[in-house]
Amino acid sequence: MSLPHSSSSSPTPIRSKMARRVHTTEVSCIACEELGDLGAGKEGWLVDNPNLLCAIDTHCIALANRSVIVVLGWADPDQTRVKIRPELSPIEAEHVTAIEWLVFDEMRVVVAGTSAGCLLFYSLAGHLIHKQMVYPARIIRLRVRGTKRDLNHDTSSEEVCVVMPGILARFDGNDIQNMLQQWFQETQSQFWDQNRRSDDFENSHGKLPYQLWSVSKYGSCADAAITGIMPPPLMEIQVCTAFIVEQSSEHYFCGITVGEDAVISAFRLSEDKSRSFVGALLSKVVPATFSTIATFSKLLWRSEQTSPKKLEEKPQSFARASPLTCLKDFPRKGEKLTLSPSGTLAAITDSLGRILLLDTQALVIVRLWKGYRDANCLFTEMLVNKDTSASSSRYYEPTKSDYCLCLVIHAPRKGIIEIWQMRTGQRLRSFVCAKGSKILQPTYRFGSSIASPYVPLEVFLLNGDSGQISVLHRTL
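Please read all numbers here as calculations on a predicted model, not as lab measurements. (Residues numbered from 1 in each chain as written. Predicted model: local features only at pLDDT ≥ 70, side-chain atom pairs only at ≥ 80, totals over all residues. Heavy atoms only, no water.)

Trainee: How would you explain the nonpolar core if you had to name every residue and give the values?
Mentor: Leu102, Leu119, Phe121, Met164, Phe171 and Ile176 are the most contacted members of the largest nonpolar core, which has 29 residues in total. Contributing elements (two or more residues each) for this core: β6 (96-103), β7 (108-114), β8 (118-122), β10 (141-147), β11 (157-164), β12 (167-172) and α3 (173-189). Counting residues per element, this core draws most heavily on α3, which supplies 4 residues. Sequence-distant contacts of methionine 164, that is, excluding residues within four places in its chain, are made with Val134, Tyr135, Ala137, Arg138, Ile139, Ile140, Ala169, Leu212 and Cys221. The next biggest cluster of nonpolar side chains, apart from the first, holds 20 residues, and it includes Cys32, Trp74, Leu462 and Ile469. (Core = buried A, V, L, I, M, F, W, Y, C linked by side-chain atoms within 4.5 Å. Buried < 20%, exposed > 50% of the residue type's maximum accessible area, 1.4 Å probe, protein only. Helix = DSSP H or I, 4+ residues; strand = E, 2+ residues; numbered from the N terminus. Contact = heavy atoms within 4.5 Å.)

Trainee: Could you give me a rundown of the packing of aromatic side chains, with the residues and numbers involved?
Mentor: Across all of its chains, the model carries 9 aromatic pairs by this definition. Centre to centre, the rings of phenylalanine 104 and phenylalanine 446 are 4.6 Å apart; their planes meet at 15°, and the pair counts as stacked. Remark: phenylalanine 446 occurs in the loop between β26 (437-440) and β27 (460-463) and phenylalanine 104 occurs in the loop between β6 and β7; sequence separation between them is 342 residues. With respect to class, phenylalanine 104 is no different from phenylalanine 446; both count as buried. Members of the aromatic cluster, connected to one another through ring pairs, are Phe104, Tyr444 and Phe446. Taking the ring centre of tyrosine 372 as reference, the NZ or CZ of lysine 414 above it sits at 4.2 Å. (Phe/Tyr/Trp six-rings, centres within 6.5 Å; stacked < 30°, edge-to-face > 60°. Lys NZ or Arg CZ within 6 Å of the ring centre and 35° of its normal.)

Trainee: So what's going on with unusual backbone geometry? Which residues, and what values?
Mentor: Between phenylalanine 330 and the following residue, proline 331, the backbone shows a cis peptide bond with an omega angle of 5°. When you line up the elements, proline 331 lands in the loop between β17 (321-327) and β18 (334-339). For the bond from methionine 422 to arginine 423, the omega torsion is 0°, close enough to zero to count as cis. With respect to the element layout, arginine 423 can be found in the loop between β24 (416-421) and β25 (427-432).

Trainee: Explain the environment of isoleucine 167 to me, and be specific about the residues and the numbers.
Mentor: For isoleucine 167, the position within the fold is in strand β12. Judged by its relative accessible area of 7%, isoleucine 167 falls in the buried class. Sequence-wise, isoleucine 167 and leucine 212 are 45 residues apart; in three dimensions their C-alpha atoms are separated by 7.3 Å. Residues in contact with isoleucine 167, not counting those within four places in the same chain, are Tyr135, Val162, Leu212, Trp213, Val215 and Phe318.

Trainee: Quick rundown of the sheet that holds strand β16 (residues 264-270)? Include the residues and the values.
Mentor: Backbone hydrogen bonds hold the strands of a sheet together, and the pairing may be parallel or antiparallel. Pairing in this open sheet of 4 strands is antiparallel, and the strands run β14-β15-β16-β17 from one edge to the other. What marks the edges here is a single partner per strand, and that holds for β14 (221-230) and β17. Between one strand axis and the next, the sheet turns through 20° on average, direction left out of account. Where β14 lies against strand β15 (residues 252-259), 8 bridges are found, and the strand directions are antiparallel. (Pairing = 2+ DSSP bridges. Axes fitted to C-alpha atoms, helices over the stretch in contact; angles between N-to-C directions.)

Here it is in structure tokens:
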């Protein structure tokens, strides 16, 4: 049966009323020639290549494959387009395995992790700022997070977490900021030699201090995170001596891992290598004893001075990691982990298509979703049911208390994106997304003041086939 054709004007008003609701707003399109080195131009290039990495900031995006990093910006009229080719070891077949942004108030850099366990810090101009070996193992992921001192948190903590198979490393944000400030000051003053060798330059600021833990008691991990500071053990013996008093300022961190042998594992991570009296005593006595013996031996055995040789750098020893609990449910395997801003919730995907919502403080699973194979999750903050007269005013600026924590679930097999209210709320939104898309989130911004206007978590959607970048709406 054919529909009657009308020669009058088309029913535009009716069509507009029945139009689909728009859930995203386009912010930019990154299609350019530079993406050709990453495989762009082929359908599904963004999601089908397991070696392709993405990291987004509010106005920039970094994409990388095994040997090339491309940085693209869209805020300025002169769009940033930088192609970086890191100097990697051909002997070890070293390649880029992780990438992330580090954003401070006045500085923005790209940090890459390699299969050999190195961190590479690059400026937006593509200059190598710092290179450091963490541990000779493949870096799986780089996580940047922080908490400010407020009514809910007694202490503030800003950090970069480096995830390797069965290993966690933590860099303090203040140490990284000091190193970057020194580099930028030297660059602006132009006092350093322009012909300086790259190997001397990358070590000119010294080695960044960090903590290192082995979390492989329950097997190698596929992903992991440091969720925040946790209290010391209740049964810990406090010895009132000069050796132990100095350790009272040490912190404990909670580490969560997901993997093949144990779906979820939890560890208490200590900043120092030993909390015992013997360990504290040895840490004071042994260095002094060794120094005395070394001085005495030089008086007995004097040898001819030889030219110093650069010794091979030894991996840093592990600090103490005490297992707390684990969940083993063969054949289920933990795959990916996503933390909430406060670190109190973690969304974990497994090999059976389930999503587990973990309370990282009580170490209890509080929610479960089924039927989401190959899903990706990100936390976001949205304005839910904010139709008050105050919020409708054009002069009203939403505060942190106005936003509701939600979980964004991208199910690529279903071709949809869902938004669920935390912790036990209903599904707030569900809409179709283009095939070959990926959800991304800007990194944590170091040093942002509590007094400054609150910037809620946002989630971006990158369509690899078209190059379009969109942001999810924050208002429901």
